[in-house]
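# A closer look at the structure
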Amino acid sequence: ALRQKSGSVSLTLHSLLHALGPLGTNCFLVISGCFVYGSLMHSSVSYSDFLRRRVHRIYPFFLIVLSLYVVFSLGFPSASRLPHDPLRAVTYVAANAVLLPGLLAIPPIIGVSWTLSFIFAFYLVSPLLVRSAKLYRLPRLQRCAVLVVLAAGSRYLGAVNLDSSRVRALLAGMLVWELTDWFKQRERKPAW
């Protein structure tokens, strides 16, 4: 391993980038929460159509990358993360294929795929919240109160191995949409 001198520019840059990584992920989740929630609040698309569109956007590319990883793992077993036992390896790949890492205590085959798990879980739950619970019918302040209560309650998700800060980032995105929509509504109203 290459050692870097304490105080060196490369070590400082590495430390800075390492610290900014989670910030970038959280920004991505806030933006995702904002856009998905906004699309649900303004459209009457069915739950199945909503999920089908999201699956078509995410899943094919993810399966291609996952398949490539499995093929390379079989070709280069010394660099593989797959278990040596064939049954455990198939189970592990299947758990990754259905996006369980990040939601359950399963290490992802592809390091960043846990974010897809969170996004896809959000795709499953958010239409239920907005459409089935008729959140869109509530006045804005009540909707915001529901989102704040969900964010406060999300700290208890650690008991089921969910990273509550990621859930709060998605909920923050939903609140960002509410705020921006409120400003848009104010701009449309005549000042008089």
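Quick caveat, the model's predicted, so the values are computed rather than measured.

## Section: the overall build of the protein
Across its full length, the protein holds six helices and zero strands. If you line up the protein on its principal axes, its C-alpha atoms span 70 × 50 × 30 Å. Per-residue burial over the protein gives 32% buried out of 192 residues. Intrachain contacts of the protein at a sequence separation of at least 6 include 66% that bridge at least 24 residues. Within the structure as shown, the protein displays about 12,500 Å² of accessible surface, and the carbon and sulfur contribution to it stands at 69%.

## A few points about the nonpolar core
Considering soluble globular proteins, one finds that nonpolar side chains tend to be buried as a cluster. Within the largest apolar cluster, 36 residues are counted, with the highest numbers of intra-cluster contacts made by Tyr-37, Phe-50, Ile-109, Tyr-123 and Met-174. Elements with a contribution of two residues or more to this core: α1 (9–42), α2 (47–75), α3 (86–97), α4 (114–132), α5 (140–153) and α6 (164–188). The element that contributes the greatest number of residues to this core is α4, accounting for seven residues. In contact with Phe-50, not counting residues within four places along its chain, are Val-36, Ser-39, Leu-40, Val-45, Tyr-123, Ser-126 and Pro-127.

## Quick word on the packing of α2 against α3
Between α2 and α3, the least distance of the axes is 11 Å, while the angle of their chain directions is 160°. Looking at the two axes, α2 sits roughly antiparallel to α3. In the crossing of α2 with α3, the sense of the turn from one axis to the other is right-handed. Contact residues: α2 offers Tyr-59, Phe-62, Leu-66 and Val-70, while α3 offers Val-93, Asn-96 and Ala-97. A per-class count over the contact of α2 with α3 returns six nonpolar, one polar and no charged.

## A short note on the packing of aromatic side chains
Enumeration over the complete set of coordinates arrives at five aromatic pairs. Aromatic side chains Tyr-59 and Phe-62 sit 6.1 Å apart centroid to centroid with 40° between the ring planes, which places their arrangement in the tilted category. Placement of both Tyr-59 and Phe-62 in helix α2 is noted, with a separation of three residues, approximately one turn of the helix. Members of the aromatic cluster, connected to one another through ring pairs, are Phe-50, Phe-120 and Tyr-123. Here the basic side chain of Arg-54 rests over the ring of Tyr-123, its NZ or CZ set 5.5 Å away from the ring centre. Stacked on the ring of Tyr-136, the Lys or Arg Arg-131 has its end atom at 4.5 Å from the ring centre.

## A look at unusual backbone geometry
Here Leu-99, not a glycine, exhibits a phi torsion of approximately 60°, which is positive. Judged by relative accessible area, Leu-99 falls into the buried class, the value being 4%. Of note in this structure, Lys-134 is not a glycine but carries a positive phi near 55°. For Lys-134, the position within the fold is in the loop between α4 and α5. The class of Lys-134 is partly exposed, set by a relative accessible area of 37%.

## Some words on the side chain of Asn-96
If you trace the backbone, Asn-96 turns up in helix α3. Among the residues examined, Asn-96 registers a relative accessible area of 2% and is labelled buried. Look past the residues within four positions of Asn-96 in its chain and what remains in contact with it is Phe-62, Leu-66, Pro-101, Ile-106, Pro-107, Pro-108, Ile-109 and Ser-113.

Parameters and conventions
Residues take numbers from 1 onward in each chain, read along the sequence in its written order. Per-residue local features of the predicted model are confined to residues with pLDDT of at least 70, and side-chain atom pairs are confined, for both listing and counting, to 80 or more; whole-chain, interface and lining totals are unaffected and use all residues. Only hydrogens and water are set aside when side-chain values are computed; all heavy atoms of the structure are taken into account. Strands here mean DSSP runs of E at least two residues long; helices mean DSSP runs of H or I at least four residues long; both are numbered from the N terminus. To sort residues, take the accessible area from a 1.4 Å probe on protein chains only and compare it with the maximum for the residue type: under 20% means buried, over 50% means exposed, and anything in between is partly exposed. The contact criterion used is simple: two residues touch if any of their non-hydrogen atoms lie within 4.5 Å. Only the protein chains shown count as covering a residue, and every accessible area follows the Shrake-Rupley method with a 1.4 Å probe. Residues enter a nonpolar core if they are buried and are Ala, Val, Leu, Ile, Met, Phe, Trp, Tyr or Cys, with the set joined through side-chain atoms within 4.5 Å. What counts as an axis is a line fitted to C-alpha atoms, over the stretch in contact for a helix, and the angles between N-to-C directions run from 0 to 180 degrees. An angle counts as roughly parallel when it lies under 35 degrees, as roughly antiparallel when it exceeds 145, as roughly perpendicular when it falls between 65 and 115, and as oblique in every other case. What makes a crossing left-handed is the near helix being turned counterclockwise from the far one by less than a right angle; a clockwise turn instead makes it right-handed. For this scheme, ten residues count as nonpolar: Ala, Val, Leu, Ile, Met, Phe, Trp, Tyr, Cys and Pro. Four count as charged, namely Asp, Glu, Lys and Arg, and the remainder, Gly too, count as polar. Here the aromatic set is Phe, Tyr and Trp, taking the six-membered ring for Trp, and pairing holds for ring centres within 6.5 Å; pairs whose planes are under 30 degrees apart are stacked, those over 60 apart are edge-to-face, and all others are tilted. Criterion for a charge above a ring: Arg CZ or Lys NZ at most 6 Å from the ring centre, at most 35 degrees from the ring normal.

These figures capture arrangement, not role.
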